Amino acid sequence: MATINKPASAEFEALSAVLGTDASKLLDPAVARAWFALLIAYGRVTRALSTELMDASGMSLADFDVMAQLARAEGYALRMTELADAALISKSGLTRRIDRLAVNGWVTRRRCTEDGRVHWATLTPLGLRAFKGAAPAHLAAVAERFGSALPASEMERLTRDLLKIAAKNKEGTREAV
């Protein structure tokens, strides 16, 4: 991954040296620069947001994401498989995350009475209050750290471009790697 002080071209040269071959034959330099830039931006923004959210509310960025998915769901509840898909987390990772949220009293997990293979995660009233309490400052931080970096027209373009990449890599499609 690209380092903070090293430009993408230097990272690419270093990669070529390690591989013992010209990395530009494996990956177009323009793609490499975009990839390194995405990784750097994602890492910096999410680290800052995660630290701020944890300091302000005691919840991690992943906790906030799971709680946001549940807050948007009918009855504040989702099947664990649906929640894993919506929160972009593995099923095993979600189980551990839900167990940690349950310790705080923010979420419950229960087995479906009609189908014992199905488990539901539900945001509790305490969890909803915690989410509502954390959301305003967190959304303001997202606006500042991410939203203010580009003018609206460029943000729209970035959104379109990222959605194209996401669609190409959607799980369950032939294009996904």
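Preceding this section is the structure that the text describes.
Our subject in this report is the structure included herewith. (Residues numbered from 1 in each chain as written. Predicted model: local features only at pLDDT ≥ 70, side-chain atom pairs only at ≥ 80, totals over all residues. Heavy atoms only, no water.)

**With respect to the layout of surface pockets**
Reasoning step 1: In this structure, the largest pocket spans a volume of roughly 2,300 Å³.
Reasoning step 2: Lining the largest pocket are 45 residues, with Leu 38, Tyr 42, Thr 46, Leu 88 and Leu 162 sitting closest to its centre.
Reasoning step 3: Sorting the residues of the lining of the largest pocket by element identifies helix 2 (29-57), helix 3 (61-72), helix 4 (80-87), helix 6 (125-145) and helix 7 (152-168) as the ones contributing at least two each.
Reasoning step 4: In terms of residue count, helix 2 provides more of the lining of the largest pocket than any other element does, 11 residues in total. (1 Å grid on protein atoms, 1.4 Å probe; cavity = no way out; pocket = protein on both sides within 12 Å on 5 of 7 lines; lining within 4 Å. Points joined across faces, edges and corners; volume = space filled by probe spheres on them. Helix = DSSP H or I, 4+ residues; strand = E, 2+ residues; numbered from the N terminus.)

**A look at the environment of Val 66**
Reasoning step 1: Relative to the helices and strands, Val 66 resides in helix 3.
Reasoning step 2: For Val 66, a relative accessible area of 1% translates into the label buried.
Reasoning step 3: Between the alpha carbons of Val 66 and Leu 123 there is a distance of 9.4 Å; along the sequence they are 57 residues apart. (Buried < 20%, exposed > 50% of the residue type's maximum accessible area, 1.4 Å probe, protein only.)

**Structural notes on unusual backbone geometry**
Reasoning step 1: Despite not being glycine, Tyr 76 has its phi angle at roughly 55 degrees, a positive value.
Reasoning step 2: Here Tyr 76 shows up in the loop between helix 3 and strand 1 (77-79).
Reasoning step 3: The class for Tyr 76 is partly exposed, based on a relative accessible area of 33%.

**Quick word on the nonpolar core**
Reasoning step 1: By size, the foremost hydrophobic cluster in this structure holds 26 residues, and its most contacted members are Met 59, Val 66, Met 67, Leu 70, Leu 83, Ile 98 and Val 107.
Reasoning step 2: Contributing elements (two or more residues each) for this core: helix 3, helix 4, helix 5 (91-103), strand 3 (119-123) and helix 6.
Reasoning step 3: Looking at this core, the element that brings in the most residues is helix 3, giving 6 residues.
Reasoning step 4: Every residue in contact with Leu 70, bar those within four places of it in the chain, is listed here: Tyr 76, Ala 77, Leu 78, Leu 83, Val 107, Ala 121, Thr 122 and Leu 123. (Core = buried A, V, L, I, M, F, W, Y, C linked by side-chain atoms within 4.5 Å. Contact = heavy atoms within 4.5 Å.)

**Here we look at helix 5**
Reasoning step 1: Over its 13 residues, helix 5 runs 19 Å from end to end, which matches the ideal 18 Å to within 8%, given 1.5 Å per residue.
Reasoning step 2: Among all positions of helix 5, only Gly 93, Leu 94, Arg 97, Ile 98 and Leu 101 are buried. End-on, the buried residues of helix 5 take up no more than an arc of 135 degrees, which puts them together on one face.
Reasoning step 3: As for helix 5, its buried residues are in contact with helix 3, helix 4, strand 2 (107-111) and strand 3.
Reasoning step 4: Phi turns positive one or two residues past the end of helix 5, at Gly 105, with a value near 80 degrees. (Expected span 1.5 Å × (residues − 1). Arc of directions from axis to C-beta.)

**Observations concerning helix 2**
Reasoning step 1: Compared with an ideal rise of 1.5 Å per residue, which puts 29 residues at 42 Å, helix 2 spans 41 Å between its outermost C-alpha atoms and is within 8% of the ideal.
Reasoning step 2: Within helix 2 the residues assigned to the buried category are Ala 32, Phe 36, Gly 43, Val 45, Thr 46, Ala 48, Leu 49 and Leu 53.
Reasoning step 3: Residue Asp 28 occupies the N-cap position of helix 2, its side-chain oxygen lying 2.7 Å from the main-chain nitrogen of Ala 30.
Reasoning step 4: Gly 58 occupies a position one or two residues after helix 2 and carries a positive phi of about 80 degrees. (Polar contact = N/O pair within 3.5 Å; in protein donor to acceptor, adjacent residues only side chain to side chain.)

**Topic: the sheet that holds strand 2**
Reasoning step 1: Here we have 3 strands laid out as an open sheet, ordered 1-3-2, and antiparallel in their pairing. In the strand order of this sheet, the two ends are held by strand 1 and strand 2, each with one partner. This sheet shows a mean twist of 25 degrees between the axes of neighbouring strands, independent of strand direction.
Reasoning step 2: In terms of strand pairing, strand 2 meets strand 3 through 5 bridges, oriented antiparallel. The residue bridging Thr 108 from the neighbouring strand is Thr 122, located in strand 3.
Reasoning step 3: Running over the sheet, helix 4 touches strand 1, strand 2 and strand 3 and is turned about 100 degrees from strand 1.
Reasoning step 4: Set on the sheet, helix 5 makes contact with strand 2 and strand 3; between it and strand 2 the angle comes to about 125 degrees. (Pairing = 2+ DSSP bridges. Axes fitted to C-alpha atoms, helices over the stretch in contact; angles between N-to-C directions.)

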